[in-house]
Amino acid sequence: MSACTLVSVSTVLGCHSCFRVDMFSKGTKRKFSDDGGEMSDESLGGANVSSSYNLQRQSLLDMSLIKLQLCHMLVEPNLCRSVLIANTVRQIQEEMTHDGSWQAVTEAFCNGSQSPSERLVATEVLCRSREQDAEPKLFSVISYEGCREEEVVADETLCSVSVSDAASNVCLSESVGHCWETGELRVVESDEETSEGSRLGPGDDDDDDEDDEDEDEVDEEEESSREDSKSMGQVFGTFEIKNGSSGPDSALEELFSDVDASYYDLDTMLTGIQSAPKMGPYDLLDSLAPSHGPPSLGSPSNCRSDLNELDHIMEIIVGS
Amino acid sequence: GSSKLNSMFTSVSPKADIISTVEFNHSGELLATGDKGGRVVIFQQDTENKSLPQCRSEYNVYSTFQSHEPEFDYLKSLEIEEKINKIRWLPQKNAAQFLLSTNDKTIKLWKISERDKRPEGYNLKEEDGRCRDSTTITTLRVPVFRPMDLMVEASPRRVFANAHTYHINSISVNSDNETYLSADDLRVNLWHLEITDRSFNIVDIKPANMEELTEVITAAEFHPHQCNTFVYSSSKGTIRMCDMRASALCDKHSKLFEEPEDPSNRSFFSEIISSISDVKFSHSGRYMMTRDYLSVKIWDLNMENRPVETYQVHEYLRSKLCSLYENDCIFDKFECCWNGNDSVVMTGSYNNFFRMLERTQRRDITLEASRESSKARQVLKPRRVCAGGKRKKDEISVDSLDFNKKILHTAWHPQENIIAVATTNNLYIFQEKVN
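Residues numbered from 1 in each chain as written. Chains lettered and ligands numbered in written order. Predicted model: local features only at pLDDT ≥ 70, side-chain atom pairs only at ≥ 80, totals over all residues. Heavy atoms only, no water.

Per an unreviewed UniProt entry, chain B is named Serine/threonine-protein phosphatase 2A 55 kDa regulatory subunit B, and its organism is Electrophorus electricus. UniProt, in its Subunit (unreviewed entry) section for chain B, records the words "PP2A consists of a common heterodimeric core enzyme, composed of a 36 kDa catalytic subunit (subunit C) and a 65 kDa constant regulatory subunit (PR65 or subunit A), that associates with a variety of regulatory subunits." Under the UniProt heading Sequence similarities (unreviewed entry), the note attached to chain B is "Belongs to the phosphatase 2A regulatory subunit B family." (UniProt positions renumbered as here; feature names shortened; annotations may be inferred.)

Below, the structure is given as structure tokens:
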């Protein structure tokens, strides 16, 4: 039975509503087999497996960043919750740095054919976070929550994977898969039009798509990364703005009009004090990264100029 | 046999605000609840039939008062919620009762006193308070006390304010009956009950740079007998015991209780579910109990490296952690409590389920607090959750659980087998059936 039935937007005790993102209709899938074998395992199955783990991990990262940023505006955010989410983000980022997926994506985009302006923040984030000798605050075992047999979904790649030596099943992906499979992007406190416009892909995708995802989907990662830069960077990487024909700004404005940019600053979050300057989204990850060195050599200077453009977009979006 | 709970179903009106704390006083005669609207409602045990062996206790409303009001912090442009986070009773010293109630920022000491007589026969004023015309007074009389309908008054005696930058999560009265502690996310302060304009900071875990913050204080409590000892728990699943005699600032713990992580269960959610939501000493003072998201652990105060007992509350949720993270339920803070003789512990769960865990015989039972299942005098039926596979009759499957119906607050009468269980809007009081 789908875990989606048990997930309901909780409003009791001031819980904050969260986004439910349809990950697999147009998700952040990517294939690493084209990327110089950075993530290539022995077989195509292996690559698919690690892709789908990376996918899940990415979605968890996105979800966490959203949670940090979209806090209740009137009441001081819950510090314990913020700290726990921030720690989760750090864990994911450290792991991604460790297993090279940070670097892999960096290289793919820096050398890619897409214009740099469309790679903006994702690139910047990846470039700046990558360090050759990252601190070993890492988890050597990439293991997952125990997956109960009864909950195995049809798609085996999601459920019976071990990317490392861990014997336990990939229930993270399984449960995330459940989370996302029929969800539609719903923006809290926004009007119907926005919800409609922000639906990810066909609204009634179901499990069937998951089966096909690893085989014949295009490189969704690139597409979503394009959205990354448009939709304020890493955080919103999984959003696809369907009605963005008039450019990114208007749709985003609609989508995030009530989001206070000052909460992008994690430090702000933790101290509960609103700070005036708006920070670029890459700064959020920056403040989280325990160690981020200088940008890797692979990051060209066009990253920098694109940052200014991003800043500009941010200014427009938050209506300053 | 296992104790059966004869449900003496009592509930507050459905219009009541969300209950945020429940606490029996030291005798168990009074039961206080705090709610999201800043109100405190106190129930009193009906002692009429106590002598009878088959007595059923009823709890009736004794006093209701507004403890905290919403405030606005102009400096930060933020509201300060009036929600009552904790209530703690003081041991009774005289006819009046005293309790501490706290919201996120301010602790208040309330005096609850009864008045069942009133003076009558004043010379200079009428019974209704109007002044008498002095020219009409021809005789003098001595006012006397006459019985009146019982009136229960609650008056604020102390307000302990401006000592917490972060949200208060715990208060605990010391066994010396003179001091108490209050804990927020990063600090623990020590107060004297008589002194409101200053408190003593005894724990401070705030880092110099807030960006380095990775751990917060989640609960704190004084030892029930040793007035120099207290513990505080953290979001990383550790408990630190401190001795106030050792140093003024108790940043250095005297004991650190932590169980090593099980590497096979590691996930991105491991830390979150290890965060301790409640810590309670046993009445004996030899043990303490902690509640994290999925389990209850009992610690021997002499053994720091692992708990002596671990009970799974709702292990079937382990595979649902991502969903629970998404809907924020993973951050729910469940409380736990001991029974009078420390043989049973109790904690809440979802779907209005609560769990009673018997220590010596290692038995456990899941019960439900709902109107349908709690008709008066009916024995509560045990519930079972089907984690997967074929669902047996009477079992409920994990996916059918209602995660909006959570029981975060429970309390156990200090002497009798009477429990108070708070669902979102209702208070249930259950009593063991005496055969």
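Still more to cover.
Right, let's get into the overall build of chain B. Counting its secondary structure elements, chain B contains two helices and 32 strands. In chain B, buried positions account for 55% of the 435 residues. Expressed as a percentage of contacts within chain B between residues at least 6 apart in sequence, the contacts between residues at least 24 apart total 54%. Roughly 19400 Å² of accessible area belongs to chain B as shown, and the carbon and sulfur atoms make up 47% of that amount. (Helix = DSSP H or I, 4+ residues; strand = E, 2+ residues; numbered from the N terminus. Buried < 20%, exposed > 50% of the residue type's maximum accessible area, 1.4 Å probe, protein only. Contact = heavy atoms within 4.5 Å. Areas by Shrake-Rupley, 256 points an atom, 1.4 Å probe, with all protein chains shown as cover.)

Next up on the list: the overall build of chain A. If you tally the helices and strands in chain A, you get 13 helices and zero strands. The order of helices and strands in chain A, counted from the N terminus, is α-α-α-α-α-α-α-α-α-α-α-α-α. Within the span of chain A, comprising 320 residues, buried residues form 58% of the whole. Restricting the contact set of chain A to residue pairs at least 6 apart, pairs at least 24 apart contribute 75%.

Residues and elements named next belong to chain B. Ordered by their spatial adjacency, four strands build an open sheet running 12-13-14-15, and the pairing between neighbours is antiparallel. The sheet is open, and its two borders are formed by strand 12 (170-173) and strand 15 (200-204), each paired with just one other strand. With direction set aside, neighbouring strand axes in the sheet form an average angle of 20°. (Pairing = 2+ DSSP bridges. Axes fitted to C-alpha atoms, helices over the stretch in contact; angles between N-to-C directions.)

Scanning the model with the defined rule gives 31 salt bridges over all chains in all. Of the charged contacts, one joins aspartate 328 of chain B and lysine 67 of chain A as a salt bridge, the two residues approaching to 2.6 Å between their closest N and O atoms. In this pair, aspartate 328 of chain B sits in the loop between helix 2 (321-326) and strand 24 (336-338) while lysine 67 of chain A sits in helix 1 (residues 44-69), so the two residues belong to two different chains. Classification of aspartate 328 of chain B as buried rests on a relative accessible area of 2%. Looking at lysine 67 of chain A, the relative accessible area reads 4%, which means it is buried. Note that glutamate 315 of chain B is salt-bridged to arginine 318 of chain B, the shortest N-O span being 2.6 Å. Owing to a relative accessible area of 24%, glutamate 315 of chain B belongs among the partly exposed residues under this scheme. (Salt bridge = Lys/Arg side-chain N within 4 Å of Asp/Glu carboxyl O.)

Next up on the list: the confidence of the model for chain B. In the predicted model, chain B carries a mean pLDDT of 91, and the fraction of residues at 70 or more is 94%. Interface scoring of the predicted complex returns ipTM 0.91; its pTM is 0.67. (pLDDT = per-residue confidence, 0-100.)

A few words now on the nonpolar core. If you look at the biggest cluster of nonpolar residues, it comprises 43 residues, and the most contacted ones within it are Phe269, Tyr293, Leu317, Leu324, Tyr325 and Ile330 of chain B. When contributions to this core are tallied by element, the ones reaching two or more residues are helix 1 and helix 2 (79-98) of chain A together with helix 1 (270-274) and helix 2 of chain B. Counting 14 residues, the second largest nonpolar core, distinct from the first, contains Met356, Leu367, Ile407 and Trp412 of chain B. (Core = buried A, V, L, I, M, F, W, Y, C linked by side-chain atoms within 4.5 Å.)

All names here are of chain B. Phi is positive for aspartate 342, close to 65°, though the residue is something other than glycine. Within the secondary structure, aspartate 342 is located in the loop between strand 24 and strand 25 (344-348). Located in the positive-phi region is asparagine 352, a residue other than glycine, with phi close to 60°. You can see asparagine 352 is positioned in the loop between strand 25 and strand 26 (353-358). Using a relative accessible area of 8% as the deciding quantity, one classes asparagine 352 as buried.

In this model helix 2 of chain A runs 28 Å from its N-terminal to its C-terminal C-alpha over 20 residues, within 8% of the 28 Å that 1.5 Å per residue would give. Note on helix 2 of chain A: the residue one or two positions beyond its end, glycine 100 of chain A, has a positive phi of about 85°. (Expected span 1.5 Å × (residues − 1).)

Before going further, it helps to spend a moment on the packing of aromatic side chains. Scanning the model with the defined rule gives 16 aromatic pairs over all chains in all. Their ring planes at 50° and their centres at 5.9 Å tell us that tyrosine 325 of chain B and phenylalanine 331 of chain B sit as a pair that is tilted. Neither residue differs from the other here; tyrosine 325 of chain B and phenylalanine 331 of chain B are each classed as buried. Three or more aromatic residues link up through ring pairs in this structure, and these residues are Tyr293, Phe334, Tyr350 and Phe403 of chain B. Just above the ring of tyrosine 325 of chain B sits the side chain of lysine 67 of chain A; from NZ or CZ to the centre is 5.2 Å. One Lys or Arg, lysine 125 of chain B, reaches over the ring of tyrosine 122 of chain B and ends 4.6 Å from the middle of that ring. (Phe/Tyr/Trp six-rings, centres within 6.5 Å; stacked < 30°, edge-to-face > 60°. Lys NZ or Arg CZ within 6 Å of the ring centre and 35° of its normal.)

Attention now goes to the side chain of glutamate 309 of chain B. Residue and element names in this part refer to chain B. Checked against the element boundaries, glutamate 309 lands in strand 23 (residues 309-312). Taking the relative accessible area as the measure of exposure, glutamate 309 reaches 12% and is therefore buried. Only 2.6 Å separates the side chain of glutamate 309 from the side chain of tyrosine 311, close enough to count as a polar contact. There is a polar contact of 2.9 Å between the side chain of glutamate 309 and the side chain of arginine 359. The contacts of glutamate 309, once residues within four sequence positions are left out, are Val296, Lys297, Ile298, Arg359 and Arg362. (Polar contact = N/O pair within 3.5 Å; in protein donor to acceptor, adjacent residues only side chain to side chain.)

Residue and element names in this part refer to chain B. On the basis of which strands lie adjacent, the open sheet formed by four strands has the order 8-9-10-11 and antiparallel pairing. Looking along the sheet, the strands with just one partner apiece sit at the ends: strand 8 (86-89) and strand 11 (144-160). On average, adjacent strands in this sheet sit at an angle of 25° to one another, irrespective of strand direction. Sheet analysis places strand 10 (residues 107-120) next to strand 11, joined by 13 bridges and oriented antiparallel. Counterpart to lysine 111 in the pairing with strand 11 is serine 155.

Looking now at the confidence of the model for chain A. Across chain A, the average pLDDT comes to 47, with 16% of residues at or above 70. Predicted confidence for residues 112-301 of chain A stays below pLDDT 50, and this span has 412 contacts to residues more than four positions away or in other chains.

Our next topic: the environment of phenylalanine 268 of chain B. Turning to its location among the elements, phenylalanine 268 of chain B is positioned in the loop between strand 19 (255-257) and helix 1. For the pair phenylalanine 268 of chain B and cysteine 322 of chain B, spaced 54 residues apart in sequence, the C-alpha to C-alpha distance is 9.3 Å.

Residue and element names in this part refer to chain B. Locating glutamate 127 in the fold gives a position in the loop between strand 10 and strand 11. Sequence-distant contacts of glutamate 127, defined by excluding residues within four places in its chain, comprise Glu120 and Gly121. Within polar-contact distance, the side chain of glutamate 127 engages the backbone nitrogen of glycine 121 at 3.3 Å.

Bringing the pairing of strand 3 (residues 30-35) of chain B into the picture now. Residue and element names in this part refer to chain B. When you tally the buried positions in strand 3, you get six out of six residues, the bulk of the element. The alternating pattern of strand 3 places Leu30, Ala32 and Gly34 and Leu31, Thr33 and Asp35 on opposite faces, both of which are buried. Sheet topology note: the strand 2 (residues 19-24)/strand 3 ladder contains five bridges and is antiparallel. Along strand 3, the bridge assignment pairs valine 22 with threonine 33. Note that strand 3 and strand 4 (residues 39-45) share five bridges and pair antiparallel. Bridge assignment links alanine 32 to a residue of strand 4, and that residue is isoleucine 42. Adjacent in sequence and paired antiparallel, strand 3 and strand 4 are bridged by three residues, among which glycine 38 carries a positive phi angle near 85°.

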